[in-house]
Amino acid sequence: MPEKVILTAADIHRALVRIAHEIVERNRGCHDLVLVGILTRGTPLAQRLADTIAGFEGQEVPVGTLDIGLYRDDVPLHRLPTLRHTSIPLDISGQRVVLVDDVLYTGRSIRAALDALMDFGRPQMVQLAVLVDRGHRELPLRADYVGKNVPTSRDEEVAVKLAEVDGRDEVSIVQREGVRL
Amino acid sequence: MKAGTTPPTTARWGHPHVLDLDTFSLHDIQQVLETTDAMKEVLGRPIRRVPTLRGKTVATLFYEPSTRTRASFELAAKNLSADVVSMASATSSTVKGESLVDTVRTLEAMGVDVIVMRHPQSGAPYLAARHTGCSIINGGDGWHAHPTQALLDLYTLQERLGRLEGLRAVIVGDILHSRVARSNLYGMAAVGMEVTVCGPPTLLPPAFAVAFPHARRETELAAALEGADVVMALRLQQERQEAGLLPSVAEYIARYQITPQRLSLARPGALVLHPGPVNQGVELSPEVSYGAASLIESQVANGVAVRMALLYLMLGGEG
């Protein structure tokens, strides 16, 4: 399967550092800030952002993790997401929540994540940070912070590898072999 | 897969019906227990509800009385946003002579997706499953099976002890008439537990050894308890004494009641399970049923989560 690397480990690192600064700039500090990573790869990204922010602001930002398996609207027939663990370490009511995910595509995962978040409380504001925005939105949703905009076709897949999950950092575009309707 | 985030892995669930654990592999049971973890997390939230089974309908069809099983299933369905229809035979057309098959077909025609059944005759849910496209979950059939009870028992043990393989369990009481014992025997065997069944000889038939060759049979409680990590006490039904299978309830209590002294014959820290409702002062002394070793309340709490997990696995993947 032909594969093209679009973000190296260094690129990913720089993007996350920039996003971390943008989050703090846009929110005028870390007050009331919570980072919530969408499983699977949004979670380590959220943690890295929190660590980076702690590095330059000297403040710990709480990090939560969200499994959206129970909220998805796109589970095809006979396929069942294995459920993971949601853990939101504090009451998010009144907080500024930044959802973090690896790839923004149709927007359906984000819609599911918003539904899940609303069951936990009433945030003051929800923002979205993604490593890659690959276009093809099917819902009127957008990211506030983007690592890289990558135009793709529907035959392609954006493969994100992160050290915490896959052993190394890399984002590549993979040509899909079979045709998906 | 159209979403930006691909789900981590996809499971396969191969059981259109949940009738007994004899058809469940270790992998199947592990899948249920892992899914139950996720459901327990939902039950810990301020809003104990997720939209996963929105638009699905679960019917409870109980031909025998029940508190915990029926309420547990109904709550499980509602927590997943499914609609619930409850039918108890005494107030249904069964009174007018409507057959089980007709009842089940009627529910199917109304758009019910899953029927949870409890019936006094062994095999009734199997009959229902043959005559309908609905999924059937067995909530207890005669003396035969109670698979969801066994699953919640296993979950409760794993939650408390962190593992199941190699644990030694003793099931005490009226084994002959116990669907809870039978399903647990299948489930415990699948997960690699060692099981001893113990009870009065009249309630512990030799034929048991044919169906469950791996279970050790004991009629002496002290011998059965030695080395046990888990003691499961079964409910003693008063009818058994009336039928002459027991000389008296007092004799059962004298020989088989689990008291703190008897529990000390098992491994230190041994845990106590009971499917409920407990006949206070019969199967368990109050010090045991309300004591630190008792997992009875956890069993009830976990019952909702386990049933949510099953409903999710059976219905959650259908677009």
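Residues numbered from 1 in each chain as written. Chains lettered and ligands numbered in written order. Predicted model: local features only at pLDDT ≥ 70, side-chain atom pairs only at ≥ 80, totals over all residues. Heavy atoms only, no water.

A.B. asks: Mind laying out the sheet that holds strand E8 (residues 156-161) of chain A, listing which residues take part and the relevant values?
C.D. replies: All names here are of chain A. Here 3 strands make up an open sheet; going across it, the order is E1-E9-E8 and the pairing antiparallel. Of all strands in the sheet, those bounded by a partner on one side alone are strand E1 (3-7) and E8. If you compare each strand with its neighbour and ignore which way they point, the axes differ by 30 degrees on average. As judged from the 6 bridges shared by E8 and strand E9 (residues 170-175), these two strands associate in the antiparallel manner. Following the sheet pairing, Lys161 is matched in E9 by Glu170. Lying over the sheet, helix H1 (residues 9-26) contacts E1, E8 and E9, oriented at roughly 35 degrees with respect to E1. (Pairing = 2+ DSSP bridges. Helix = DSSP H or I, 4+ residues; strand = E, 2+ residues; numbered from the N terminus. Axes fitted to C-alpha atoms, helices over the stretch in contact; angles between N-to-C directions. Contact = heavy atoms within 4.5 Å.)

A.B. asks: Before we move on, could you go through the sheet that holds strand E5 (residues 96-104) of chain A and cite the residues and values that matter?
C.D. replies: Hydrogen bonding along the main chain pairs the strands of a sheet, whether they run parallel or antiparallel. Residue and element names in this part refer to chain A. With parallel pairing, the 5 strands of this open sheet are ordered in space as E3-E2-E5-E6-E7. Two strands lie at the open edges of the sheet, namely strand E3 (63-66) and strand E7 (145-149), each paired on one side alone. Looking at each pair of strands side by side, their axes are set apart by 25 degrees on average, direction ignored. The strands touched by H1 within the sheet are strand E2 (33-38), E5, strand E6 (125-133) and E7, with E7 carrying the most contacts at an inclination of about 150 degrees.

A.B. asks: Can you lay out the pairing of E5 of chain A for me, pointing to particular residues and giving the numbers?
C.D. replies: Consecutive residues of a regular strand have side chains that alternate between opposite faces of the sheet. Residues and elements named next belong to chain A. In terms of burial, E5 is a largely internal element, 9 of the 9 residues being buried. Across 8 bridges, E5 lies against E6 in parallel orientation. Bridge pairing in E6 places Val98 opposite Gln127. (Buried < 20%, exposed > 50% of the residue type's maximum accessible area, 1.4 Å probe, protein only.)

A.B. asks: Can you explain helix H2 (residues 68-79) of chain B? Please cite residues and give values.
C.D. replies: Since one α-helical turn is 3.6 residues long, residues separated by three or four positions face the same way. Residues and elements named next belong to chain B. The first and last C-alpha atoms of H2 sit 16 Å apart over 12 residues, in line with the 16 Å expected at 1.5 Å per residue. Among the residues making up H2, those that are buried are Thr69, Ser72, Phe73, Glu74, Ala76, Ala77 and Asn79. Following H2 by one or two positions, Ser81 adopts a phi angle in the positive range, close to 70 degrees. (Expected span 1.5 Å × (residues − 1).)

A.B. asks: How would you sum up helix H5 (residues 147-161) of chain B? Please name residues and give values.
C.D. replies: Residue and element names in this part refer to chain B. With 15 residues, H5 should cover 21 Å at 1.5 Å per step; its first-to-last C-alpha distance of 21 Å lies within 8% of that length. For H5, the buried fraction is high: 11 of the 15 residues fall into the buried class. Those residues of H5 that fall on the buried side of the exposure criterion are Pro147, Thr148, Gln149, Ala150, Leu151, Leu152, Asp153, Leu154, Tyr155, Thr156 and Leu157. Of the residues flanking the end of H5, it is Gly162, one or two places downstream, whose phi is positive at about 80 degrees.

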